[in-house]
Amino acid sequence: MKQKKDKLCWCGSGEPYKKCHWLFDQRLEAYRKDGYVIPTHKMIKNQKDIDGIKAAAVINNGLLDLVENNIKAGMSTEEIDDMCAKFLEEHDAHSADFHYEGYPKRICTAVNDVICHGIPRKDVILKDGDIINVDVTTEYKGYYADASRMFMIGEVSDNARKLVEVTKECLEEAIKIIVPWETRVSDFGKVIERIAHKNGFSVVEEYCGHGVGFKMHEDPYILHYDEHIDRELIVPGMVFTIEPMINEGKKGIRFKPGDTWTSYTVDGKLSAQWEHTIVINYDESVEIVSA
Ligand code: MF3
Ligand code: CO
Ligand code: CO
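Throughout, residues of each chain are indexed from 1 in the direction in which the sequence is written. Written order determines the labels here, with chains lettered from A and ligands numbered from 1. The predicted nature of this model means local features are confined to residues of pLDDT at least 70 and side-chain atom pairs, given and counted, to a pLDDT of 80 or more, with totals for whole chains, interfaces and linings taken over all residues. To get the side-chain values, all heavy atoms of the structure are used, and hydrogens and water are removed first.

K.L.:
I would appreciate a short explanation of the coordination of the cobalt ion (ligand 3) in the present structure.
P.N.:
The expected angle between donors at a tetrahedral four-coordinate metal is 109.5 degrees. At an octahedral six-coordinate metal it is 90 or 180 degrees. Here the cobalt ion (ligand 3) is held by the protein donor atoms Asp135 (OD), Asp135 (OD), Asp146 (OD) and Glu275 (OE), which lie 2.0 to 2.5 Å from it. For Na, K and Ca the donor cut-off is 3.2 Å, and for all other metals it is 2.8 Å, counting N, O and S atoms only; because water is absent from this set, sites may look incomplete. Donor angles set the geometry label: tetrahedral for four donors if every angle is between 85 and 135 degrees, square planar for four and octahedral for six if opposite donors exceed 155 degrees and the others are between 65 and 115, irregular for anything else. With 6 donor atoms in place around the cobalt ion (ligand 3) and angles of 57 to 168° between them, the coordination shape is irregular. Here the cobalt ion (ligand 3) and the cobalt ion (ligand 2) are spaced 3.3 Å apart, linked through aspartate 146, which binds each one. One end of the pair, aspartate 146, is in strand 5 (residues 143-152); the other, glutamate 275, is in the loop between strand 13 (271-273) and strand 14 (276-280), with 129 residues separating them in the sequence. Each member of the pair, aspartate 146 together with glutamate 275, is buried. For helices the rule is a DSSP run of H or I covering at least 4 residues; for strands it is a run of E covering at least 2, with both sets numbered from the N terminus onward. For every residue, the accessible area obtained with a 1.4 Å probe (protein chains only) is divided by the maximum for its type, and the residue is called buried under 20%, exposed over 50%, and partly exposed between those limits.

Now the structure itself:
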């Protein structure tokens, strides 16, 4: 904010500040004075960074397409992971999940009552009627994109299908409300909670969406429930995920002995999740770049 106008911009563009984010900062400052919580400069990417993130997103989407085209009953979750490892290698890209805080695999595979961070295993074999979330974060040339999809294996129950569809609706409706310079990151939780509750489902509160781009997880964190406070204003240059986890039954999570990653529903009922990476472009368009 205090940067001199003749200096290079803080965004790393190499442009003079006055020609780059100076006006942008003036506008932010006006909102701050008006009582808004404004994003920090660390939460703002320049155009070159956005382009880099979009390139990572293309590979991330290609990976999820590959999974979508091949996933079937009889396959182990480890086989899906192997397929992804090969794809990433072929594309000169890496899984950000791999070795993240000791995480042992490239992707997360959450089957039925697994909420998230299910570790791919040889002995988890997909069967008719299962629902599974596959989540991956691709790193390509130093930039990150993060997304997950649900897959329904064969014929699934009406309940399972409804949960998968309502969870997707929660994410899509949250994205639809985004108006740059107007919406706050704390507005999403209100939308997600309303839709989940209307359908008799609950929202998992232990995990959240997040800024993404230079790393897998950055500020701001984005809650999927109503925190009853106003948080950061959404402005161009922000890149973040929304990734609601919705439970068929009770909210809350539990772990099983010997595995501190995989989180399960407390009542053994189903859980679903969808995740997109969203870019707020400088022309103020809202773009889902990874899905
Ligand atoms: N992709 C996850 C997310 O949506 C994080 C993966 S955790 C890891 O934020 F341990 F698998 F890396
Ligand atoms: Co994420
Ligand atoms: Co993810």
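More follows now that the structure is in view.
K.L.:
Help me understand the pattern of salt bridges in this model?
P.N.:
Opposite charge on two side chains makes pairing possible when the charged atoms of those side chains draw close. The salt bridge definition used is simple: a Lys or Arg side-chain nitrogen within 4 Å of an Asp or Glu carboxyl oxygen. Evaluation of the coordinates by the stated rule reveals 19 salt bridges. In this structure, glutamate 78 and lysine 105 form a salt bridge, with 2.9 Å as the shortest nitrogen-oxygen distance. Here glutamate 78 is found in helix 3 (residues 77-90), whereas its partner lysine 105 is found in the loop between strand 1 (94-95) and strand 2 (108-111), with 27 residues between them in sequence. Each member of the pair, glutamate 78 together with lysine 105, is buried. We note a salt bridge from glutamate 227 to arginine 231, for which the minimum N-O separation is 3.0 Å. Neither glutamate 227 nor arginine 231 differs from the other in exposure class; each is buried.

K.L.:
Is there a simple way to think about the coordination of the cobalt ion (ligand 2) in this case?
P.N.:
The coordination sphere of the cobalt ion (ligand 2), as far as protein atoms go, consists of Asp146 (OD), His210 (NE2), Glu243 (OE) and Glu275 (OE), spread over 2.0 to 2.1 Å. Geometry at the cobalt ion (ligand 2) is irregular, judged from its 6 donor atoms and the angles of 52 to 160° they form at the metal.

K.L.:
Where do I start with the sheet that holds strand 11 (residues 254-256) in this structure?
P.N.:
Working definition: the strands of a sheet are paired by backbone hydrogen bonds and lie parallel or antiparallel to each other. The pairing criterion is simple: DSSP has to find at least two bridges between the two strands. Pairing in this open sheet of 3 strands is antiparallel, and the strands run 3-12-11 from one edge to the other. On the outer flanks of this sheet lie strand 3 (114-116) and strand 11, each paired with one strand and no other. Neighbouring strand axes in the sheet, compared pairwise and without regard to direction, differ in orientation by 60° on average. In this sheet, strand 12 (residues 259-264) lies alongside strand 11 in antiparallel orientation, the contact comprising 2 bridges. Among the inter-strand pairings, arginine 254 is bridged to a residue of strand 12, identified as tyrosine 264. Think of each axis as a best-fit line through the C-alpha atoms, taken over the contacting stretch in the case of a helix, with angles from 0 to 180 degrees between the N-to-C directions.

K.L.:
What am I meant to see in the sheet that holds strand 6 (residues 202-203) here?
P.N.:
Overall, antiparallel pairing links the 3 strands, which are arranged 6-10-13 in an open sheet. Two strands bound the open sheet, and with one partner strand each, they are strand 6 and strand 13. As paired strands, strand 6 and strand 10 (residues 245-247) are joined by 2 bridges and run antiparallel to one another. Each bridged residue has a counterpart across the sheet, and for valine 203 the counterpart in strand 10 is isoleucine 246. On top of the sheet, helix 4 (residues 158-176) reaches strand 10 and strand 13; it is set at about 40° to strand 13, its chief contact. The contact definition used throughout considers only heavy atoms, calling two residues in contact when any of these lie within 4.5 Å.

K.L.:
Quick question: what am I supposed to make of helix 1 (residues 22-33) here?
P.N.:
Since there are 3.6 residues in each turn of an α-helix, residues three or four apart along the chain are aligned in direction. Helix length check: helix 1, at 12 residues, gives a terminal C-alpha distance of 17 Å against a target of 16 Å (1.5 Å per residue), a fit within 8%. For helix 1, every residue scored as buried is listed here: Phe24, Asp25, Leu28, Glu29 and Tyr31. The arc that holds every buried residue of helix 1, seen down its axis, measures 160°, which confines them to one face. More than 90 degrees from the buried face of helix 1, the exposed residues found are Leu23 and Lys33. Directly after helix 1, the chain includes glycine 35, whose backbone phi takes a positive value near 100°. The length a helix should cover is 1.5 Å for every residue beyond the first. By construction, the arc corresponds to the directions joining the helix axis to the C-beta atoms.

Keep in mind these numbers describe shape, not what the thing actually does.
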